[in-house]
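An overview of the molecular structure
If you want the building blocks of each chain, they are given just below.
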Amino acid sequence: MISEPHRTEASSPPPTRTDADPLDRGFLDAVADGEARLTAEQALALWHRLPLTDLGRLADRRCRGLHGDRIRTYVIDRNINYTNVCTAKCTFCAFRRDLDDSDAYTLEYDALLEKVRELVAIGGTQILMQGGMNPELPLDWYLELLGRIKTAFPEVHVHAFSPPEFIEFVNFFDPPGATLKDKIRSVMEPLVDAGLDSVPGGGGEIFADAVRRKIGLGKCTAEAWLTVMRVAHELGLNTSATMMFGHIEGVGDRIHHLDMVRRWQDDAIRDLGPEGGGRYHAFISWPFQPDHTPLGNLKAWGDVEGDDPAQPFPGDVVAKLDGTGTKADHPEFGRRLRLAGANTYLRTQALSRLYLDNIWSIGSSWVTMGPHIGQVGLRYGANDMGSVMMEENVVSSAGTTHCLNEPMICRLVRDAGFVPAQRDNDYRVLRPHFGPSAPDLDVEDWSRFRAKALHRENDPTTDAGCGSHYGTTSGDASAIVDLTVEGN
Ligand code: SF4
């Protein structure tokens, strides 16, 4: 059974009720039913004043209104980071390397194609391919790469090259065009012709300029990021949007970020028409992972002599809902951290489901939050568990160590009260797992199934990190960490 591609958005968004009390039960019911739209001010009030479980219940209701009560999805794909050489120096990044670093790499075509072959062998349908921004690679390298992938694996969906990469393509290749938008289009069109199918939302981080300048050194502006996605939508490509929070930003910055995504999606729907163009298909947010990163070395607010923890967090002082906050508004802005735990994660995800009324899918970030918070996320507005994880090199470099295979991800979805189903990049259901041959229902001995440390070999040029779960590389039982799916 393959479901139809969805095109769910209404041609006009639900109305805002700017004078509504954000805690009014009738108003919240209307938001949860998709009949009223939250303003940024109302969203901020909900963040601060609504209990977490209430927020979760509303987000769950909105999610069920869009996706029904029965099925929750996952995709089988593979993260391939084709190079770790990067001109940017994001302070939250433990992955990047300089060109002359001893562990800098760029994957050879054959190694990359082997990774795709391994993915196809386990029933995978797409690759998520992103890199650092490597000035050594010409446009022809990317065109040949896409050509080789599509020649060998025409059925594999290529979800590749995040907006910061496109902006660096423009800088590196100097394509023709009078405006940035024209230049992006000049680069994107040949990549699409060569096999690019959709654009991932990496590099979104936090859009507010004051935050972005502090953490995304050398990375594109929010305007440039959003412009890349607009070009993709005009070319008919679907994209995702992301947000990395829980560092120096204020809560208002997170809501401003959601607001920018919603606005640009509104514009795409209005300008490209109900049937035309591409869209932001999905939104995924996750907390900053601090290990091995310069940003992670910052102290928490209150941990430095002279801080007064009774006073607001500097990021909250600076944050403005319209994104105009400046570092001048607090002397310690950008110098103190506020990491996000499970409560903040679930609150953020639930609010994103309610705020982003024009986006189809909300993904649960089990990769950063762990399998069980990821599972709980299915009751806090998320309809999708993202990907089984054959390979991941970026957040794992920053200390995150979760990895699931298909039976485990199905088990987590089923234990949350839903039927697991494999989807494709367009969120079409490929294989709903109702019956006894389901990947999880087929398992008799769960003691053999453990979440496993990602990135064990720390060498993406030779091994898939989690590949031994799939019988694709040699396994090492001693490397398995005890994150057993609980229950059996
Ligand atoms: S996050 Fe991406 S753009 Fe930033 S330094 Fe790391 S690899 Fe480069």
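Scroll up for the structure.
Model, not experiment: these values are computed from the prediction.

**So, the overall build of the protein chain**
For the protein chain, the count of helices and strands is 15 helices and 14 strands. Sorting the 488 residues of the protein chain into buried and exposed places 51% on the buried side.

**Structural notes on helix α12 (residues 342–355)**
If you check α12, its first and last C-alpha atoms are 20 Å apart, about what 14 residues at 1.5 Å a residue would give, namely 20 Å. Of all 14 residues making up α12, 11 are buried, and the element is well covered by its neighbours.

**A look at helix α6 (residues 163–173)**
The buried count for α6 comes to 8 of 11 residues, which makes it a mostly enclosed element. For α6, the complete set of buried residues consists of Pro163, Pro164, Glu165, Phe166, Ile167, Glu168, Phe169 and Val170. Where the residues of α6 are buried, they touch β3 (126–130), α7 (180–194) and α9 (222–234). Directly beyond the C-terminal end of α6, a positive phi value near 45 degrees is found at aspartate 174.

**Regarding the nonpolar core**
Within the largest apolar cluster, 113 residues are counted, with the highest numbers of intra-cluster contacts made by Phe166, Phe283 and Ile409. Per-element accounting of this core gives the leading share, 7 residues, to α9. Beyond its immediate stretch of four places on either side in the chain, phenylalanine 283 contacts Ser240, Ala241, Val261, Ser352, Leu356, Ile359 and Ile362.

**With respect to the pairing of strand β14 (residues 429–432)**
As defined by bridge partners, strand β13 (residues 419–423) adjoins β14 across 3 bridges and the pair is classed as antiparallel. Bridge pairing in β14 places alanine 421 opposite proline 432. Counting the residues that bridge the hairpin from β13 to β14 gives 5 residues, and of these tyrosine 427 lies at a positive phi of roughly 65 degrees.

**Observations concerning unusual backbone geometry**
Backbone geometry places histidine 292, a non-glycine residue, at a positive phi of 65 degrees. Within the secondary structure, histidine 292 is located in the loop between β8 (280–287) and β9 (299–300). For histidine 292, a count of 13 C-beta atoms within 10 Å puts it in the partly exposed group. The backbone phi angle of tyrosine 427 is positive, close to 65 degrees, even though this residue is not glycine. By the element assignment, tyrosine 427 lies in the loop between β13 and β14. In this structure tyrosine 427 comes out as buried when scored by C-beta crowding, with 20 C-beta atoms within 10 Å.

**Here we look at the site of the ligand**
Near the ligand you find Cys86, Ala88, Lys89, Cys90, Cys93, Phe95, Arg96, Gly132, Met133, Pro164 and Lys219, and these make up its full shell. For the shell around the ligand, the class distribution of residues is 7 nonpolar, 1 polar and 3 charged.

**Re the packing of helix α5 (residues 139–152) against α7**
Relative orientation of the contacting elements α5 and α7 amounts to 25 degrees, with a least axis distance of 8 Å. Overall, the two elements α5 and α7 adopt an arrangement that is roughly parallel. Considering how the two elements wind past one another, α5 and α7 form a crossing that is right-handed. Contacts between α5 and α7 pair Tyr142, Leu143, Leu146 and Gly147 from the former with Pro190, Leu191 and Ala194 from the latter. Among the residues forming the contact of α5 with α7, the class breakdown is 6 nonpolar, 1 polar and no charged.

**With respect to the pairing of strand β7 (residues 238–245)**
The element β7 is largely enclosed, with a buried count of 8 among its 8 residues. Neither face of β7 is open: one carries Asn238, Ser240, Thr242 and Met244, the other Thr239, Ala241, Met243 and Phe245, and all of them are buried. Relative to β7, strand β5 (residues 198–199) is paired through 2 bridges, and the arrangement is parallel. The residue of β7 that forms the bridge with serine 198 is asparagine 238. Taken together, the 7 bridges between β7 and β8 define a ladder with parallel strand orientation. Bridging from a neighbouring strand, methionine 243 pairs with serine 285 of β8.

**What to know about the packing of α6 against α7**
Orientation of α6 relative to α7, taken along the N-to-C sense of each, is 90 degrees, at an axis distance of 9 Å. Considering their axes alone, α6 and α7 lie roughly perpendicular with respect to each other. Between α6, through Phe166, Phe169, Val170 and Phe173, and α7, the contact on the second element is made entirely by Leu180, Lys183, Ile184, Val187 and Met188. For the contact of α6 with α7, a count of residues per class yields 8 nonpolar, no polar and 1 charged.

What counts and what doesn't
Residues numbered from 1 in each chain as written. Predicted model: local features only at pLDDT ≥ 70, side-chain atom pairs only at ≥ 80, totals over all residues. Helix = DSSP H or I, 4+ residues; strand = E, 2+ residues; numbered from the N terminus. Buried ≥ 20, exposed ≤ 12 C-beta atoms within 10 Å, placed from the backbone. Expected span 1.5 Å × (residues − 1). Contact = placed C-beta atoms within 7 Å. Core = buried A, V, L, I, M, F, W, Y, C linked by C-beta atoms within 7 Å. Pairing = 2+ DSSP bridges. Near = placed C-beta within 6 Å. Nonpolar A, V, L, I, M, F, W, Y, C, P; charged D, E, K, R; others polar. Axes fitted to C-alpha atoms, helices over the stretch in contact; angles between N-to-C directions. Parallel < 35°, antiparallel > 145°, perpendicular 65-115°, else oblique. Left-handed = near helix turned anticlockwise from the far one by under 90°.

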